[in-house]
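Summary of the model geometry
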Amino acid sequence: MLELYQVELSQYSEKVRLILDYKGLDYRKIEVKPGVGQLEVFKISGQTKVPVLKDGDTVIGDSTAIAMYLDKTYPEKPLIPTEPKQRALCLLMEEWADESIGIKSRKALYGALSQNPSFRTSFLPNQTPDLLKNIVGAVPPELLELVGTGVGFGKDEIKEAKDALKQDLEALSLLLVDNPYLVGDTPCLADLAVAGLSLLLKIPTGSYLDLSEELKGKGIPGLADNSFYETFFEWRDRLYADYRKPLDSNGTTGSSPQSIQID
Ligand SMILES: N[C@@H](CCC(=O)N[C@@H](CS)C(=O)NCC(=O)O)C(=O)O
């Protein structure tokens, strides 16, 4: 069985989960805890980021490399069109989505979390004790702004990221007005990458993820709740309804993640 070392709320992990579901491949999720869990990821893959896919003795890190591996190894429901122009557009869009939506959504989310204590606490894992939730909720926004500035998530960087995301969402919405998918008449890697990577912009409403109910449908103010981008989010909802497997649908795929154990 395929094993996915992942983080439930990671947008790059979601891109891979959507690809696995689209291809109809069963997999077991292994939730990686920041810090200790990353040691295990390093041991098997030589780097500390998720997602990492394990297929027997083969271990692949990086969502794009995983997508390419899956398409080569499990060619049914191909991810990349063969027609040259569509192929070019698909590859360009996938690469752009990784660099734009994937990275900027993290910054924009940090901005939203630092401004809103209840949104912040709803991002904590379900099993977090109330005391810890209260502490996290009580951190002053000024302190979070200061911490963010030190790691490239300052006020200006957050605004820049949010403005760029608005431009991205406008462009994507326009592309999707009269088209079922971003490139051709069937989903391709670009669609699955864009949809999966937009996880943090607005959490899907369906039962796809092991998250607090409060979070479903919530997202970055000004993006998630802006009717200007409705075409995009409606398209994503349709894609999820058609291809993303709900939790516990077949016992393994999409079930609640297992945490990794360190011996
Ligand atoms: N280019 C990588 C990016 C993966 C990535 O940034 N993963 C984040 C989680 S969304 C991570 O593992 N961060 C932990 C770290 O940087 O140590 C991919 O496409 O998989």
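Residues numbered from 1 in each chain as written. Predicted model: local features only at pLDDT ≥ 70, side-chain atom pairs only at ≥ 80, totals over all residues. Heavy atoms only, no water.

Right, let's get into the overall build of the chain. Secondary structure summary: the chain contains 11 helices and five strands in total. For the chain, the C-alpha radius of gyration of 18 Å lies close to 18 Å, the compact-globule estimate for 263 residues. Considering only C-alpha atoms, the chain reaches an extent of 55 × 50 × 30 Å along its principal axes. Here the chain, with 263 residues, has 47% of them falling under the buried criterion. Long-range contacts, defined as pairs at least 24 residues apart, comprise 69% of the intrachain contacts of the chain with a sequence gap of at least 6. Element-wise, carbon and sulfur atoms account for 55% of the exposed surface of the chain, whose accessible area totals about 12,900 Å². Separation between the mean location of the 29 positive side-chain charges and that of the 39 negative ones in the chain comes to 2 Å. (Helix = DSSP H or I, 4+ residues; strand = E, 2+ residues; numbered from the N terminus. Rg over C-alpha atoms; globule rule 2.2 N^0.38 Å. Buried < 20%, exposed > 50% of the residue type's maximum accessible area, 1.4 Å probe, protein only. Contact = heavy atoms within 4.5 Å. Areas by Shrake-Rupley, 256 points an atom, 1.4 Å probe, with all protein chains shown as cover. Lys, Arg positive; Asp, Glu negative; His and termini not counted. Charge placed at Lys NZ, Arg CZ, Asp CG, Glu CD.)

Attention shifts here to a nonpolar patch on the surface. A grouping of L131, L132 and I135 is seen on the molecular surface, where their side chains present a nonpolar patch of about 300 Å² in accessible area. Within the element layout of this structure, I135 appears in helix α7 (residues 130–138). (Patch = residues over 30% accessible without salt bridge, like charges linked within 9 Å, V, L, I, M, F, W, Y side chains within 5 Å. Salt bridge = Lys/Arg side-chain N within 4 Å of Asp/Glu carboxyl O.)

The subject of this paragraph is the site of the ligand. Around the ligand, the surrounding shell consists of S10, Q11, Y12, Q38, T48, K49, V50, P51, D62, S63 and R106. Contact between the ligand and S63: an oxygen atom at 2.6 Å from a side-chain N or O atom of the residue. Coverage of the ligand by the protein chains reaches 72% of its 520 Å² of free accessible surface. Per-class residue counts for the shell around the ligand are three nonpolar, five polar and three charged. (Near = heavy atom within 4 Å. Polar contact = N/O pair within 3.5 Å; in protein donor to acceptor, adjacent residues only side chain to side chain. Nonpolar A, V, L, I, M, F, W, Y, C, P; charged D, E, K, R; others polar.)

What follows deals with helix α2 (residues 36–45). Within α2 the residues assigned to the buried category are G37, E40 and V41. Seen from one end, α2 has its buried residues packed into an arc of 100 degrees, which puts them on one side. Residues of α2 that are exposed and angled more than 90 degrees away from the buried face: V36, L39 and K43. Backbone geometry just downstream of α2 places G46 in the positive-phi region, at approximately 80 degrees. (Arc of directions from axis to C-beta.)

The next point concerns the pairing of strand β2 (residues 27–31). Looking down a regular strand, the side chains alternate between one sheet face and the other. Burial analysis of β2 places four of its five residues in the buried class, the great majority of the element. Both strand β1 (residues 2–6) and β2 contribute to a ladder of five bridges, which runs parallel. When the sheet's bridge partners are listed, L2 is paired in β2 with Y27. On the question of chirality, the crossover connecting β1 to the parallel β2 by way of helix α1 (residues 11–23) is right-handed. (Pairing = 2+ DSSP bridges. Right-handed = clockwise from strand over helix to strand, strands pointing away.)

Moving on to the pairing of strand β3 (residues 52–55). Across three bridges, β1 lies against β3 in antiparallel orientation. Looking at the pairing, L4 lines up with L53 of β3. In the sheet, β3 pairs with strand β4 (residues 58–61) via four bridges, with the strands oriented antiparallel. Each residue of the ladder has a partner; that of K54, found in β4, is V59. The antiparallel hairpin formed by β3 and β4 contains two residues in its connecting segment, where G56 sits at a positive phi of about 65 degrees.

Another point: the packing of aromatic side chains. Applying the stated criterion across every chain, the model contains seven aromatic pairs. Ring geometry for F119 and F123: centres 5.2 Å apart, planes at 85 degrees, overall edge-to-face. F119 sits in the buried class, given a relative accessible area of 8%. (Phe/Tyr/Trp six-rings, centres within 6.5 Å; stacked < 30°, edge-to-face > 60°.)

Moving on to the packing of α1 against helix α10 (residues 189–197). Put simply, α1 and α10 touch, their axes get as near as 7 Å, and they point 135 degrees apart. On the basis of the axis angle, α1 is oblique to α10. In the crossing of α1 with α10, the sense of the turn from one axis to the other is right-handed. Across the interface between the two elements, Q11, Y12, E14, K15, L18, I19 and Y22 from α1 touch L189, L192, A193, A195, G196 and L197 from α10. (Axes fitted to C-alpha atoms, helices over the stretch in contact; angles between N-to-C directions. Parallel < 35°, antiparallel > 145°, perpendicular 65-115°, else oblique. Left-handed = near helix turned anticlockwise from the far one by under 90°.)

Turning our eyes to something else, we now look at unusual backbone geometry. For the bond running from V50 to P51, omega is 10 degrees, close enough to zero to count as cis. Structurally, P51 is set in the loop between α2 and β3. Its identity as a non-glycine residue notwithstanding, D62 has a phi of 85 degrees, on the positive side. Topologically, D62 is positioned in the loop between β4 and α3 (63–73). According to the relative accessible area criterion, D62 is partly exposed, its value standing at 46%. Of note, the phi angle at K77 is positive, near 55 degrees, even though the residue is not glycine. Relative to the helices and strands, K77 resides in the loop between α3 and α4 (84–99). K77 gets classed as partly exposed once you look at its relative accessible area, which sits at 35%.

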